[in-house]
Amino acid sequence: MATKKTNPTKIDIGISEKDRAKIAEGLSGFLADSYTLYLMTHNFHWNVTGPMFTSLHTMFMTQYTEQWAALDEIAERIRALGYAAPGTYAQFAKLATVKEVAGVPKAMDMVAYLVAAHEATARTGRNIFPIVDKANDQPTADLLTRRLEVHEKTAWMLRSLLEE
């Protein structure tokens, strides 16, 4: 899905319009995955049950709170590049590689779904790097690097809970 340019004023930040469009498109998919992951984490926070309720409930809250702040940063980078950020469920569903989970899974299944969603989100972010590097877009590279670190570390911590 091509993103829609919103600012008729010429943007001259040292990144071509063509590259800005490609980066904004990639970031839109990253935002969609990030939002879907946020919603999944918040849903699991509300609905987790079982012997690990307290620790998972608290962990999920910490995670979705961090994810919520990151959504704004990603969307604002898209805007800084001169494009509209996706912001509807329909747009997110079309762009996301992370898929919603039906029903209410068991606690450890929730953990496994979150591992997979964090890994998928990391892959989406990593896939943007070639165009970001080519365009010499350090702010987006920095944003992606910070987000990848969070997703990979969170996936590792969640994955550790699945060990027996």
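The structure displayed is predicted, hence computed values, not measured ones. (Residues numbered from 1 in each chain as written. Predicted model: local features only at pLDDT ≥ 70, side-chain atom pairs only at ≥ 80, totals over all residues. Heavy atoms only, no water.)

1. Considerations on the nonpolar core
Phase 1: Ile23, Leu27, Leu31, Ile78, Ile128, Val132 and Leu144 are the most contacted members of the largest nonpolar core, which has 29 residues in total.
Phase 2: The set of elements that each furnish at least two residues to this core consists of helix H1 (17-47), helix H2 (53-80), helix H3 (89-95), helix H4 (107-134) and helix H5 (138-161).
Phase 3: It is H1 that contributes the most residues to this core, eight residues altogether.
Phase 4: Not counting residues up to four positions away in its chain, the partners in contact with Ile78 are Ala24, Leu27, Ser28, Leu31, Tyr83, Ala84, Ala85 and Pro86.
Phase 5: In terms of nonpolar packing, the next biggest core, distinct from the first, is built from 16 residues, Val48, Ala107, Ala120 and Leu158 among them. (Core = buried A, V, L, I, M, F, W, Y, C linked by side-chain atoms within 4.5 Å. Buried < 20%, exposed > 50% of the residue type's maximum accessible area, 1.4 Å probe, protein only. Helix = DSSP H or I, 4+ residues; strand = E, 2+ residues; numbered from the N terminus. Contact = heavy atoms within 4.5 Å.)

2. Some remarks on the packing of aromatic side chains
Phase 1: Inspection of the entire model under this criterion finds seven aromatic pairs.
Phase 2: The interplanar angle of 75° and the centroid separation of 6.2 Å between the aromatic rings of Tyr38 and Tyr64 together place this pair among those described as edge-to-face. Note that Tyr38 is positioned in helix H1 and Tyr64 in helix H2, a separation of 26 residues in sequence. The same class applies to Tyr38 as to Tyr64, namely buried.
Phase 3: Their ring planes at 50° and their centres at 6.5 Å tell us that Phe44 and Phe60 sit as a pair that is tilted. Placement of Phe44 in helix H1 and of Phe60 in helix H2 is noted, with a sequence separation of 16 residues between them. (Phe/Tyr/Trp six-rings, centres within 6.5 Å; stacked < 30°, edge-to-face > 60°.)

3. Let's talk about the environment of Lys106
Phase 1: Topologically, Lys106 is positioned in the loop between H3 and H4.
Phase 2: Accessibility expressed as a relative area gives 65% for Lys106, which makes it exposed.
Phase 3: A C-alpha to C-alpha distance of 11 Å links Lys106 and Pro51, two positions 55 residues apart in sequence.

4. Details of the side chain of Asp19
Phase 1: Along the polypeptide, Asp19 turns up in helix H1.
Phase 2: Among the residues examined, Asp19 registers a relative accessible area of 10% and is labelled buried.

5. Here we look at H4
Phase 1: With 28 residues, H4 extends 42 Å between its outermost C-alpha atoms, agreeing within 8% with the 40 Å of an ideal straight helix rising 1.5 Å per residue.
Phase 2: The largest bend along H4 measures about 30° and falls at Ile128, with the proline Pro130 one to four residues further on.
Phase 3: Directly beyond the C-terminal end of H4, a positive phi value near 60° is found at Asn136. (Expected span 1.5 Å × (residues − 1). Bend = angle between axes of the 7 residues up to and from the residue.)

6. Thoughts on the packing of H1 against H5
Phase 1: At a closest axis distance of 13 Å, the pairing of H1 and H5 adopts a crossing angle of 25°. It follows that H1 is roughly parallel to H5 by the angle criterion. Two packed elements cross with a definite hand, and for H1 against H5 that hand is left-handed. Contacts from Ile23, Leu27, Phe30, Ser34 and Leu37 of H1 reach H5 at Thr140, Leu143, Leu144, Arg147 and His151.
Phase 2: Of the residues assigned to the contact of H1 with H5, the class counts are six nonpolar, three polar and one charged. (Axes fitted to C-alpha atoms, helices over the stretch in contact; angles between N-to-C directions. Parallel < 35°, antiparallel > 145°, perpendicular 65-115°, else oblique. Left-handed = near helix turned anticlockwise from the far one by under 90°. Nonpolar A, V, L, I, M, F, W, Y, C, P; charged D, E, K, R; others polar.)

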